[in-house]
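# Coordinate inspection notes
As a plain string of letters, each chain reads:
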Amino acid sequence: MAENNTSLDCNIDWNSDDDREIDNYGLPSSSTLTAAPSNGGSSGSGEGSSSSPGSNFELIQHFVGMGFPEKQVAQVIDELGDKNHNLVLETLLTYSALENSPKQPNDIQVSEEVQRDLSVQELQPVQSDHSSADYCANSFDEFSDVDSPARDVETPSSDEDDKLLFLAGMGYSVDEASIAIERCGPDSTLEELTDFICAAQMARASDIHFIELDEKKLNLGSLSKLKRRKNQDCDAWKKKKHRCEEEDELIRLPKPMIGYGVPTESNEIVHRTIPEAAKGPPYFYYENVALAPTGVWNTISRFLYDIEPEFVDSKFFCACARKRGYIHNLPIENRFPLVPLPPFTIHEAFPLTKKWWPAWDKRTKLNCLQTSIGSAKMTERIRKALEECGDDDPPLHVQKYVLDLCRKWNLVWVGKNKLAPLEPDEFETLLGFPKNHTRGGGISRTDRYKSLGNSFQVDTVAYHLSVLKDMYPEGINVLSLFSGIGGAEIALHRLGIPLKAVVEVEISEANRNIMRSWWEQTNQRGTLIDIADVQQVDADKLSELIDLIGGFDLVIGGSPCNNLAGSNRVSRDGLEGKESALFYDYFRILDLVKTIMGSRSVRY
DNA sequence: TTAAAGATGAATAGGATG
DNA sequence: CATCCTATTCATCTTTAA
């Protein structure tokens, strides 16, 4: 991640096969061609790369040529410097969007944070620095007119002062703390405030790719330490204030975890209102693990236009559990499930296990499929333990020992006293993928488990996406971020929604190969463009793509969960974690797409 | 060199109990 | 209310084998 080892390879592929249920809406047939990587003055250069010095005039003209006022361009470049072209463009786009429509403060939050954080002497560990007067020294005032409604002229309550003092005591600067309070509102909880500050720090960290590796480690290490300390301090705060109002501010998981409803059970909530700024098109759909560290979903929701997450456990769709949160702006009326319905219980999914399944194993659903499986040595230990018990039911303590391991590793009974982990193709079936979807192409068995464990449950996602079918009978254009092995695309395809164009962004070459292989095997007629790294998707690239395919109808993706997932013993660092921080790229790209398409709504 | 196996808990939620 | 118990979890790293 420190360096982008893959160049932009955008293979535009027009398939000319024509024996499938999807009719021809394809572009004129041609052989595979490769789109030229954008190489203009302002693109292709990652955050860290520097432009040639003294090219400010050219740079300004470049943006003026894109239609921005020269004065504004000059000012922004003055503010941000001429190194980070993407950021400059994003900021300009944000401004133009703000001028067009008064939007909620959230929309400019990131840009502000990012730009504030560009001045980074304080890469040094923050914890011991209680003063940090140099932090936040740069301009913030230019922006004070865009988002300060009348509310912030009220006198600070004592509670506010209390929070301020507390944050300062945690090592945050007073500026930092007061800005956080101002942004999050006077009623904000301490978690919200610290999350806000952490988000700022995250944005800063993600913007510094050019620092030395050891420095980076130091920085990230200090961040994670900071986060841990933050949580401890929050606990202290909670104890201090006993049960205060922030408890109900925290997003809680519903029980049962059925979101706005599943095919078998419906929820009381049948309607919801979506904030104006979040309304589609483009529609978007974001996914991540439900059981993330405390406060993570609050942050994610805050960035994604304050839409409440829909938490759903896939055990209501298939034979395995998968507790996930989804934030989307799709309608929730008239959803329908994929057919044929997948096996709903373990016995339905694996009929052969029934013969060996002991009565004292009451499981009917498997737990979440993860990225690795149980070892053979463990199942052998279990077998020996069971054989010592003879033919009768084993004693309760042995039953408990076995069942604990069964639940932990998702073992199934494949013979007398014989347990085994699931095969990769059984993963595929449970998750709604075609059998052998991840097989072949040089991918190892280990990597198949990894890719499958990280993917969507297709039936679950398809249920949510089903509302798109009537809306786009001619097919849709999809921007698929963190595509993995293509769960979103398969869901849409199985729903019978034609895929006119798919731009997939996926770092793993093996996964991209799986996806392209599926694309060809299913005789897709649309266009598949693959990009390796989300960090290469900047405003220029998006503009180019939007011009090429005519705008996106759906932006879908689940950002990396490994720093959020409970199975991670090593680096469960939350949203600031190395990979999970890419959530902010999801938001960045989604917001860019909205802005660019909004500015061209006349044409599209 | 690569694939597979094996070892490695903590965070979080919810329920029961007193 | 605190305390204890049960249950779950899109993983990472090192060693070993091929």
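- If you look chain A up in an unreviewed UniProt entry, it shows as DNA (cytosine-5-)-methyltransferase from Kalanchoe fedtschenkoi.
- Turning to chain A, the UniProt annotation filed under Subcellular location (unreviewed entry) states: "Nucleus".
- Under the Sequence similarities (unreviewed entry) heading, UniProt states for chain A: "Belongs to the class I-like SAM-binding methyltransferase superfamily. C5-methyltransferase family."

## Quick notes on the confidence of the model for chain A
- Looking at chain A, the pLDDT average stands at 76 and 63% of residues meet or exceed 70.
- Low pLDDT (under 50) marks residues 1-54, which in the prediction has 101 contacts with non-local residues, meaning those over four places away or in another chain.
- The low-confidence segment residues 204-248, where pLDDT is below 50, has 62 contacts with residues more than four positions distant or belonging to other chains.

## Overview of the sheet that holds strand β11 (residues 554-558)
- Reading across the sheet, the seven strands line up as β4-β5-β3-β11-β8-β9-β10 and stay open at both edges, with mixed pairing between neighbours. On the outer flanks of this sheet lie β4 (310-313) and β10 (527-531), each paired with one strand and no other. Recorded for the sheet is a direction-independent mean angle of 20° between the axes of neighbouring strands.
- Taken together, the four bridges between strand β8 (residues 476-481) and β11 define a ladder with parallel strand orientation. Following the sheet pairing, Val478 is matched in β11 by Leu554.
- Relative to the sheet, helix α20 (residues 539-549) contacts β8, β9 (499-505) and β10, its axis offset from that of β10 by approximately 175°.

## Structural notes on the pairing of β4
- Here β4 shows two buried faces, one formed by Glu310 and Val312 and the other by Phe311 and Asp313.
- Where β4 and strand β5 (residues 323-328) come together, four bridges link them in antiparallel fashion. Looking across to β5, one finds that Phe311 is bridged to Gly325.

## So, the UniProt feature "active site" (unreviewed entry) in chain A
- UniProt records the feature "active site" (unreviewed entry) at Cys561, using the numbering of this structure.
- Its location among the elements puts Cys561 in the loop between β11 and α21 (583-599).
- Sequence-distant contacts of Cys561, that is, excluding residues within four places in its chain, are made with Asn288, Val289, Asn454 and Ser580.

## Structural notes on the packing of aromatic side chains
- In this structure the tally under the stated criterion is 15 aromatic pairs.
- Centre to centre, the rings of Phe303 and Tyr584 are 5.1 Å apart; their planes meet at 80°, and the pair counts as edge-to-face. Placement of Phe303 in helix α10 (residues 296-303) and of Tyr584 in helix α21 is noted, with a sequence separation of 281 residues between them.
- Grouping aromatic residues by their ring pairs yields a cluster made of Phe284, Tyr286, Trp297, Phe303, Tyr305, Phe311, Phe583, Tyr584, Tyr586 and Phe587.

## Brief notes about the protein's contact with DNA strand B
- Close to DNA strand B lie 16 residues; Lys255, Thr294, Ser375, Thr446 and Gly566 are nearest.
- Each atom of DNA strand B within 4 Å of the protein was classed as base or backbone; sugar and phosphate made up 49%.
- For DNA strand B, a phosphate oxygen lies 2.9 Å from a polar atom in the side chain of Thr446.
- Taking Arg569, its side chain carries an N or O atom lying 3.3 Å from a base nitrogen of DNA strand B.
- Those elements that place two or more of their residues in the surface near DNA strand B are α12 (376-387) and α15 (445-453).
- Of the residues assigned to the surface near DNA strand B, the class counts are three nonpolar, seven polar and six charged.

## Some points on the packing of helix α16 (residues 458-465) against helix α18 (residues 487-494)
- Between α16 and α18, the shortest axis-to-axis distance is 9 Å and the interhelical angle comes to 60°. Here α18 runs oblique to α16, going by the angle between their axes. The handedness of the crossing between α16 and α18 comes out as right-handed. Here Val458, Asp459, Val461, Ala462 and Leu465 of α16 come into contact with α18, specifically with Gly487, Ala488, Ile490, Ala491, Leu492 and Arg494.
- Each residue belonging to the contact of α16 with α18 can be placed in one class, and the counts come to eight nonpolar, one polar and two charged.

## Some points on the environment of Ser567
- With respect to the secondary-structure elements, Ser567 resides in the loop between β11 and α21.
- Relative accessible area serves as the criterion here: at 37%, Ser567 is assigned to the partly exposed category.
- Separated by 196 residues in sequence, Ser567 and Thr371 have C-alpha atoms that sit 9.6 Å apart.

## With respect to the protein's contact with DNA strand C
- Around DNA strand C, 26 residues are found, and the nearest of them are Arg324, Gln370, Thr371, Cys561 and Asn562.
- In DNA strand C, the atoms that sit within 4 Å of the protein are 68% sugar and phosphate, with bases accounting for the remainder.
- At a separation of 3.0 Å, a base nitrogen of DNA strand C approaches a polar side-chain atom of Glu287.
- The backbone of Asn568 places a nitrogen or oxygen atom 3.5 Å from a sugar or linking oxygen of DNA strand C.
- Counting only elements with at least two residues in the surface near DNA strand C, the list comes to β3 (283-289), β5 and α13 (396-409).
- Per-element tally for the surface near DNA strand C: the top contributor is α13, with three residues.

## Points about the nonpolar core
- The biggest cluster of nonpolar side chains holds 67 residues, and the ones touching the most others in it are Val402, Leu430, Leu465, Leu468, Leu492, Leu554 and Ile556.
- Two domains each put at least three residues into this core: domain 1 (276-340 + 457-566 + 573-602) and domain 2 (346-431).
- If near-sequence neighbours (up to four positions away) are discounted, Leu468 is found in contact with Tyr283, Leu330, Leu492, Ile497 and Leu554.
- Counting 48 residues, the second-largest nonpolar core is a separate cluster that includes Trp297, Phe303, Val537 and Ile596.

## Some remarks on the environment of Leu422
- Of note, Leu422 is situated in the loop between β7 (418-420) and α14 (424-431).
- Residue classification places Leu422 among the buried residues on the basis of a relative accessible area of 2%.
- Through-space distance from the C-alpha of Leu422 to that of Trp409 is 9.1 Å; in sequence the pair is 13 residues apart.
- When residues no more than four places from it in sequence are discounted, the contact partners of Leu422 are Phe350, Leu366, Leu369, Ile373, Asn410, Val412, Phe427, Leu430 and Tyr449.

## Description of the pattern of salt bridges
- Under the defined criterion, the tally for this structure stands at 15 salt bridges.
- Linking Asp313 and Lys323 is a salt bridge whose minimum nitrogen-to-oxygen distance equals 3.4 Å. Here Lys323 lies in strand β5 and Asp313 lies in strand β4, a separation of ten residues in the sequence.
- What makes Asp313 buried here is its relative accessible area of 2%.
- Among the ionic pairs, Arg516 bridges to Asp530, the shortest N-O distance being 2.8 Å. In this pair, Arg516 is assigned in helix α19 (residues 509-521) and Asp530 in strand β10, connecting sequence segments 14 residues apart.
- Residue class for Asp530 comes out buried when judged on its relative accessible area of 3%.

The rules we used
- Residues numbered from 1 in each chain as written.
- Chains lettered and ligands numbered in written order.
- Predicted model: local features only at pLDDT ≥ 70, side-chain atom pairs only at ≥ 80, totals over all residues.
- Heavy atoms only, no water.
- UniProt positions renumbered as here; feature names shortened; annotations may be inferred.
- pLDDT = per-residue confidence, 0-100.
- Contact = heavy atoms within 4.5 Å.
- Pairing = 2+ DSSP bridges.
- Helix = DSSP H or I, 4+ residues; strand = E, 2+ residues; numbered from the N terminus.
- Axes fitted to C-alpha atoms, helices over the stretch in contact; angles between N-to-C directions.
- Buried < 20%, exposed > 50% of the residue type's maximum accessible area, 1.4 Å probe, protein only.
- Phe/Tyr/Trp six-rings, centres within 6.5 Å; stacked < 30°, edge-to-face > 60°.
- Near = heavy atom within 4 Å.
- Polar contact = N/O pair within 3.5 Å; in protein donor to acceptor, adjacent residues only side chain to side chain.
- Nonpolar A, V, L, I, M, F, W, Y, C, P; charged D, E, K, R; others polar.
- Parallel < 35°, antiparallel > 145°, perpendicular 65-115°, else oblique.
- Left-handed = near helix turned anticlockwise from the far one by under 90°.
- Core = buried A, V, L, I, M, F, W, Y, C linked by side-chain atoms within 4.5 Å.
- Domains from an automatic or database assignment.
- Salt bridge = Lys/Arg side-chain N within 4 Å of Asp/Glu carboxyl O.

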